[in-house]
Each structure stands twice: as C-alpha cells, then as structure tokens.
Amino acid sequence: IKWLHTEDVFVNTTEFPEEEDIEANDRNSLKWPCPLQDHTRKYLESVTDEKKLEGFLSKRCNRFARKMTRTSPIEVRTMLLAKPCDSILIATRSDPTETLLGMLPHLAPSCPFVVFCEHMEPLTHCFLELQKNNRAINLRLMDTWMREYQVLPGRTHPNMHMSQNGGFLLTGIKLDPVNGVSEMDEELRKEIRDTIGGRRGKKKRAT
C-alpha cells in the first residue's frame, strides 16, 4: 500500500526531467542505529524522569524507523507509471470526477476503486460519467455511518446534537478500455438471456 498525492501524479515531468529526490537521498544517508544529534544529547542529559526518558527514546526510534522505510513520493510515482496498480483509494475535497478519470489509466482492468467525498453531488456526477462512458461496472454509491461519542467518567454516550453522515463512497470495478464494452445490441442480449435463463440459470416459463 502506497500513499501518493495526486499532484505528484499529474505533475508535468517534462518541466523537471532530472528532479532530485531529496527525501530519498536523506533516507539513504541514515544509518541504523541512528546516532544522537548534539541538541538531542543535551536534552537527554537534562531529563531525570526514567519513564519520560524511555518514552522519548521509543518515539525517536519509531520516527527514524518510519523514515528509513518510507518510500518517497517520486519513487511511488515511478512505480505507478511503470506498472498498473491493483486498486485505488481516493479521498478528495476537489472534483472527484477529474481526479478519478486521471487515475483510472494507472489502474489495471477488472480492479476495484473507491472514492470518498464529503458530499453526495460530486460523486453522483462521477457515477453518471463512468456509467455513460462505460468505464466501470458494479458501481455503488453509499453513505458512511459515523457517530461521535462523549467519553467522560460515568457519562459516556453519543453526542446529543450531531449529523449521522460521515461522507459518501463511490465504488466500482474498472472495465478494460479495449475489450470492456459489449458490442451486442439489446435484442441479441435479450435473446441470449431467454435461451440460457436468468441470473440464476432458470429459464423463463412460456406464456
């Protein structure tokens, strides 16, 4: 699973063909175990509480461990452009249609995608756009359930004044851009369904 900002995908790489990966260079320069900096050493010398000292060293260790294993945005972009991904999760406050249509070429056919948006109207437009252009199947638009709780001693209960909606999700499966569109007309599909039966394989009774 890789996290990537859409700006790193849609950026025009021809303007910066030899962009330096500063984050990757900084990560590669680290060595484990990471030595203490001078200001960190001075701070540790002033700490007398054993529990506080242990907590600080634990957080520092976890921070450097994440930094040494984290993939830089430029590396993720290179991986994404080199090989289609298996799924896409999008959370956006801007236009979800433009974002999803820009990311679909990087998604392999017959793979799922999920788009989250705080409002239903942008996802409705995205739903219709995908359906009209036969870009995806099994499209579903649903709302999420989020409930905030007040947590106090002896007084834990849901908030009295709140909205039950935590946003909306659009899910679907990408169709193959070449072979994903059926060229059969509706009459031929109806004839085939009548011959082989419905969804459960049962033929319709003659009337």
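Structure: above.
Residues numbered from 1 in each chain as written. Predicted model: local features only at pLDDT ≥ 70, side-chain atom pairs only at ≥ 80, totals over all residues. Heavy atoms only, no water.

Asker: Which residues make up the overall build of the protein, and what are the values?
Answerer: Helix and strand counts for the protein come out as eight helices and six strands. Start at the N end of the protein and walk to the C end: the helices and strands fall as α-α-α-α-α-β-α-β-α-β-β-β-β-α. Taken over 207 residues, the protein has a buried fraction of 23%. Counting only contacts in the protein whose residues sit at least 6 apart along the sequence, the fraction spanning at least 24 positions is 69%. (Helix = DSSP H or I, 4+ residues; strand = E, 2+ residues; numbered from the N terminus. Buried < 20%, exposed > 50% of the residue type's maximum accessible area, 1.4 Å probe, protein only. Contact = heavy atoms within 4.5 Å.)

Asker: Quick rundown of the pattern of salt bridges? Include the residues and the values.
Answerer: For the coordinates displayed, the defined rule picks out two salt bridges. Ionic pairing is found between Glu118 and Arg93, a salt bridge with its closest N-O pair at 3.7 Å. Of the two residues, Glu118 is situated in the loop between strand 2 (112–117) and helix 7 (120–132) and Arg93 in the loop between strand 1 (88–91) and helix 6 (96–103); the sequence distance between them amounts to 25 residues. On the accessibility criterion, Glu118 (42% relative accessible area) is partly exposed. Across the salt bridge formed by Glu129 and Lys132, the nearest N and O atoms sit 3.9 Å from each other. Placement of the pair is Glu129 and Lys132 together in helix 7, with a separation of three residues, close to one helical turn. Given the relative accessible area of 60%, Lys132 is considered exposed. (Salt bridge = Lys/Arg side-chain N within 4 Å of Asp/Glu carboxyl O.)

Asker: Describe the packing of aromatic side chains, with residues and values.
Answerer: Two numbers describe a pair of aromatic rings. These are the distance of the centres and the angle of the planes. Applying the stated criterion across every chain yields a total of one aromatic pair. Centroid distance Tyr43 to Phe56: 5.0 Å. Interplanar angle 55 degrees. Geometry classified as tilted. Note that Tyr43 is positioned in helix 3 (residues 38–46) and Phe56 in helix 4 (residues 50–69), a separation of 13 residues in sequence. By relative accessible area, which is 28% here, Phe56 ends up partly exposed. (Phe/Tyr/Trp six-rings, centres within 6.5 Å; stacked < 30°, edge-to-face > 60°.)

Asker: Which residues make up the nonpolar core, and what are the values?
Answerer: Judged by nonpolar contacts, the single largest core of 21 residues is most densely connected at Ile88, Leu100, Leu107, Phe113, Val115, Leu130 and Leu170. Counting residues per element, this core draws most heavily on helix 7, at four residues. Leu170 has contacts with Phe113, Val114, Val115, Leu123, Cys126, Phe127, Leu130, Arg140 and Leu141, leaving out every residue within four places of it along the chain. (Core = buried A, V, L, I, M, F, W, Y, C linked by side-chain atoms within 4.5 Å.)

Asker: Now, about helix 5 (residues 73–82): what can you tell me, with residues and values included?
Answerer: Regarding helix 5, the residues found buried are Ile74, Val76, Arg77 and Leu80. Projection of helix 5 onto a plane perpendicular to its axis shows the buried side chains occupying an angular sector of 160 degrees, all on one side. (Arc of directions from axis to C-beta.)

Asker: Before we move on, can you summarise the side chain of Thr92 with the specific residues and values?
Answerer: Within the secondary structure, Thr92 sits in the loop between strand 1 and helix 6. A residue is classified by how much of its surface remains accessible, and Thr92, at 12% relative accessible area, is buried. Polar contacts involving the side chain of Thr92 include one to the side chain of Ser94, which spans 2.8 Å. The contacts of Thr92, once residues within four sequence positions are left out, are Thr99, Phe116 and Cys117. (Polar contact = N/O pair within 3.5 Å; in protein donor to acceptor, adjacent residues only side chain to side chain.)

Asker: Give a description of the state of the cysteines that names residues and reports values.
Answerer: Across all of its chains, the model carries zero disulfides by this definition. Left without a disulfide partner, Cys111 is nearest to the cysteine sulfur of Cys85, which lies 7.6 Å away. (Disulfide = S-S within 2.5 Å.)

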